[in-house]
Amino acid sequence: GKGLFATKNIRKGETVFVERPVVSSQFLWNALYNYRACDHCLRALETAEENAQRLLGKSSLLLPHPEQCSIRKDLHQQCPRCQVTYCSAECRQAALEQYHQVLCLGPSRDDPTHPLNKLQEAWRNMHYPPETSSIMLMARMVATVKQAKDKEWWIKAFSQFCNKTANEEEEIVHKLLGDKFKGQLELLRLLFTEALYDEHLSRWFTPEGFRSLFALVGTNGQGIGTSSLSQWVHACDALELPVLQREELDAFIDQLYKDIEKESGEFLNCEGSGLYVLQSCCNHSCIPNAETSFPENNFLLHLTALEDIEAGEEICISYLDCCQRERSRHSRNKILRENYLFTCSCPKCLAQADDADVTSEEEEEGEGETDDAELEDEMTDV
């Protein structure tokens, strides 16, 4: 991050900004989980009821107040050539104008020898964590430049993002670019070149350029969480109901989430990732004063203040999830060093500077598992 500072006093709960991504992409794993989002804006394509039925593995479930679900299936459209699905005609057109002409597989969508399919298959078989980076985000960057009339404008837009592959001062290398991934990265680069090479972007296809492109999406890629179910819950929360009906509805929703957690694990709604110019300027803090969310059930990122922020004060978000933030300073910094190439010096980390560099037993066990198994599991545990 370059640092983002408040230009005026911001109250707790206030929206700091709403931002559209420069480019975004859903994860390739969505299809494996029978989940589909709009291929452009990542709006969920299934209704809240279908969403709940899938996560529960229970097709008979009926949700009360189905009219509170905002999904309009009558507006959904497909690309006539490759059948990729969009939530609306507007999204289909926007995708076509920005990148889809280059990436449309047309009748080759099921042909395993098509260069784009080979690239996607190789990516699925590699063990990078999907929330860290996506090869399709890189593909859309290339396709966007290829289709653009003003190629230099887009190249400049992408060059705003930090794309360091290592932090030389602190001798940290991005975890996806370490020695153990060298062979996989080279295979990806060759397939990426075969599928997408463009002379305007020849630097991106060199070994060093490809590594820096990879570091760019790995460091700046923001997970995008869309969920028709959570949007339905918010809509239900806003209903004015008699006390008894309100209690019944709240109890139903609480039980639904408990059942989903039992069946599908923690409620997951991270469907893809995107590159956001303003959000990528925000530095990290283990005690953030703002957080990102996707309340419109699409790729529009809302940054909301978690506390009052005064004019001139830095706006900080957390690059760690809630569970990771509760871990020891040593564990937090291990994650930040591997993924974002820096050691944190936020007030919480400074206050814990004298703590021993050890993790709790629980964390140690978790870390022991991931070191060996991370190559096997990180790509498949979505």
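The paragraphs below set out a description of the structure included in this document. Everything numeric here is computed off the predicted structure, so don't read it as measured data.

1. A word on the sheet that holds strand E11 (residues 301-305)
The sheet built from three strands is open, its strands ordered E1-E11-E10 with antiparallel pairing. Edge positions in the sheet fall to strand E1 (15-19) and strand E10 (290-293), since each of these pairs with one other strand and no more. Each neighbouring strand pair of the sheet contributes to a mean axis angle of 20 degrees, computed without reference to strand direction. With four bridges connecting them, E10 and E11 associate as antiparallel partners. If you follow Thr292 over to E11, its bridge partner there is Leu303.

2. A few points about the packing of helix H4 (residues 135-147) against helix H5 (residues 151-159)
Geometry of a packed helix pair, given as the angle between the helix axes and the separation of the axes. Two elements in contact, H4 and H5, have axes separated by 8 Å at closest approach and are oriented at 155 degrees. Judged on the interaxial angle alone, H5 and H4 are roughly antiparallel. The two elements H4 and H5 meet at a crossing, and its hand is right-handed. Seen from H4, the contacting residues are Met141, Thr144, Val145, Lys146 and Gln147; seen from H5, they are Lys151, Trp154, Ile155 and Phe158. Grouping the amino acids of the contact of H4 with H5 by side-chain chemistry returns five nonpolar, two polar and two charged.

3. Things to note about the packing of aromatic side chains
According to the stated counting rule, one finds nine aromatic pairs in the structure shown. Among the aromatic residues, ring-to-ring pairing joins Trp123, Phe192, Tyr197, Phe205, Phe210 and Phe214 into one connected group.

4. Topic: the nonpolar core
Core analysis: the biggest nonpolar cluster contains 87 residues, and Ile135 and Phe192 have the highest contact counts within it. It is H4 that provides the largest number of residues to this core, a total of nine residues. Built from parts of two domains, this core gets at least three residues from each of domain 1 (4-20 + 276-354) and domain 2 (23-223). If we skip the residues at most four places from it in the chain, Phe192 touches Leu119, Ile135, Met138, Ala139, Val142, Tyr197, Phe205, Phe210 and Leu213. Core analysis: the next-biggest nonpolar cluster, separate from the first, contains seven residues, Cys286, Leu320, Leu336 and Cys349 among them.

5. A closer look at helix H7 (residues 207-220)
Its 14 residues give H7 an end-to-end C-alpha distance of 20 Å, which sits within 8% of 20 Å, the value for a rise of 1.5 Å per residue. In terms of burial, H7 is a largely internal element, eleven of the 14 residues being buried. Gly209, Phe210, Ser212, Leu213, Phe214, Ala215, Leu216, Val217, Gly218, Thr219 and Asn220 are the residues of H7 that are buried.

Cut-offs and rules
Residues numbered from 1 in each chain as written. Predicted model: local features only at pLDDT ≥ 70, side-chain atom pairs only at ≥ 80, totals over all residues. Heavy atoms only, no water. Pairing = 2+ DSSP bridges. Helix = DSSP H or I, 4+ residues; strand = E, 2+ residues; numbered from the N terminus. Axes fitted to C-alpha atoms, helices over the stretch in contact; angles between N-to-C directions. Parallel < 35°, antiparallel > 145°, perpendicular 65-115°, else oblique. Left-handed = near helix turned anticlockwise from the far one by under 90°. Contact = heavy atoms within 4.5 Å. Nonpolar A, V, L, I, M, F, W, Y, C, P; charged D, E, K, R; others polar. Phe/Tyr/Trp six-rings, centres within 6.5 Å; stacked < 30°, edge-to-face > 60°. Core = buried A, V, L, I, M, F, W, Y, C linked by side-chain atoms within 4.5 Å. Buried < 20%, exposed > 50% of the residue type's maximum accessible area, 1.4 Å probe, protein only. Domains from an automatic or database assignment. Expected span 1.5 Å × (residues − 1).

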